[in-house]
Amino acid sequence: MAQEEAGSLPEVLARVGAAHGIPDLAQKLHFYDRWAPDYDQDVATLQYCAPRLAVDCLTQAFPGPPHSALILDVACGTGLVAAELQARGFLQLHGVDGSPEMLKQARARGLYQRLSLCTLGQEPLPSPEGTFDAVLIVGALSDGQVPCSAIPELLRVTKPGGLVCLTTRTNSSNLQYKEALEATLDSLEQAGAWECLVALPVDRWELATSELEVVPGTSAKDGFISGIIYLYRKQKATQVEENMKPEPPWNMQCTVVSEQGPKAKAKSKRLLRPKPCPGQLPDPNSEPRDPSDRSGAGPHSISSSIKGS
Ligand SMILES: C[S@@+](CC[C@H](N)C(=O)[O-])C[C@H]1O[C@@H](n2cnc3c(N)ncnc32)[C@H](O)[C@@H]1O
């Protein structure tokens, strides 16, 4: 992407809005290849805070010293998540992404010990089972990017008792994907593969690229779209039901489960309020709400619960 195109908000909104509309994975990865040199500057213009909020969430629940933990950043892009991890003392970082040019930017950041080209949903992660203390996937769970069928693969490479942090947007065009994602997350929890520690709705995820995405009466405010962060802990003795075994994960379909999933089980033990993004004011009306409500809609600004930490 030409350097002179980068910069102004209308240009960024047009470019990112067009990307959201690409349904095909190969085309999307090609778009990321071209966007890579301008990505960091553009998402800063959009006030995109997912990397910081996700890493905050992980850090608050992480049980041990960060410097000795091995972390996998899935769909790492240019490495914004790695920068946040390093700032909190996580130093052993691996990354994977499906875009060679995004990986090139990540490599230039110099924070990852290992970076691999890997297309989630089409091939397995290049790591043995139970390798990582924590796995994050930030900004890549949506239509045309990482399919829900790749979720068991994240779980496979996580150590027993390790943490998996995932994010998705909750704006109107992503609600169908979010529903399928939550069905997958819930299925794995019902199968005893992991337990949900946090479901954290975030009002100001990034600036909306279209007014249609800011639905009146939802949690999106001031031209922002909303998002949500999930944190799961892999069970120590994994008892994955036969139909949920991640083999082969890239062929799995999303599984719809009953409404009696872990959403209903999540009980508030303590509250987490991430700091607002730079330039954003905390919402004084923010109240904790039922962590089982993962709609991302409602009157409250940012709330969540962590259980068992
Ligand atoms: C919005 S960026 C997020 C990057 C980084 N995690 C962040 O938050 O800044 C999405 C990234 O996901 C990658 N991606 C999308 N679909 C993918 C897939 N199926 N497999 C691997 N990487 C994928 C893209 O190449 C891109 O780097």
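So, a few notes on the structure that sits alongside this text. (Residues numbered from 1 in each chain as written. Predicted model: local features only at pLDDT ≥ 70, side-chain atom pairs only at ≥ 80, totals over all residues. Heavy atoms only, no water.)

1. Things to note about the site of the ligand
Basically, it comes down to this: We define proximity as follows: a residue is near a molecule or strand when any one of its heavy atoms falls within 4 Å of that partner. Polar contact is the term for a pair of N or O atoms within 3.5 Å; when the atoms are in protein, one must be able to donate a hydrogen and the other to accept it, and sequence-neighboring residues count only if both atoms are side-chain atoms. Only the protein chains shown count as covering a residue, and every accessible area follows the Shrake-Rupley method with a 1.4 Å probe. Of the grid points, spaced at 1 Å and generated over the protein atoms alone, those admitting a 1.4 Å probe that cannot get out make up cavities, while open sets with protein on both sides within 12 Å along at least five of seven lines make up pockets; any residue with an atom within 4 Å of a point is treated as lining. If over half the atoms of a molecule are within 2 Å of the grid points of a cavity or pocket, the molecule is regarded as sitting in it. To qualify as a helix, a DSSP run of H or I must reach at least 4 residues; to qualify as a strand, a run of E must reach at least 2; elements of each kind are numbered from the N terminus.
In the vicinity of the ligand lie 22 residues, with Y39, Y48, A75, D97 and V138 positioned nearest. One of the side-chain N or O atoms of Y39 is found 2.7 Å from an oxygen atom in the ligand. G98 places a main-chain nitrogen or oxygen 3.0 Å from a nitrogen atom of the ligand. Considering the ligand on its own, with 590 Å² of exposed area, one finds that the protein chains cover 98% of that surface. If you map the ligand onto the pockets, it falls in the largest cavity. Tallying contributions element by element places helix 2 (residues 25-35) first for the shell around the ligand, with three residues.

2. A word on helix 2
Short version of the rule: Partly exposed describes any residue whose relative accessible area lies between the buried limit of under 20% and the exposed limit of over 50%, with all areas from a 1.4 Å probe on protein chains only and scaled to the type maximum. The contact rule is simple, with two residues in contact once any of their heavy atoms fall within 4.5 Å.
If you check which residues of helix 2 are buried, you get L25, K28, L29, F31, Y32, D33 and W35. Buried residues along helix 2 sit in contact with helix 1 (9-20), helix 3 (39-45) and helix 6 (100-109). You can read the cap of helix 2 off the contacts: a side-chain oxygen lies 3.3 Å from the backbone nitrogen of A26, and it is on D24.

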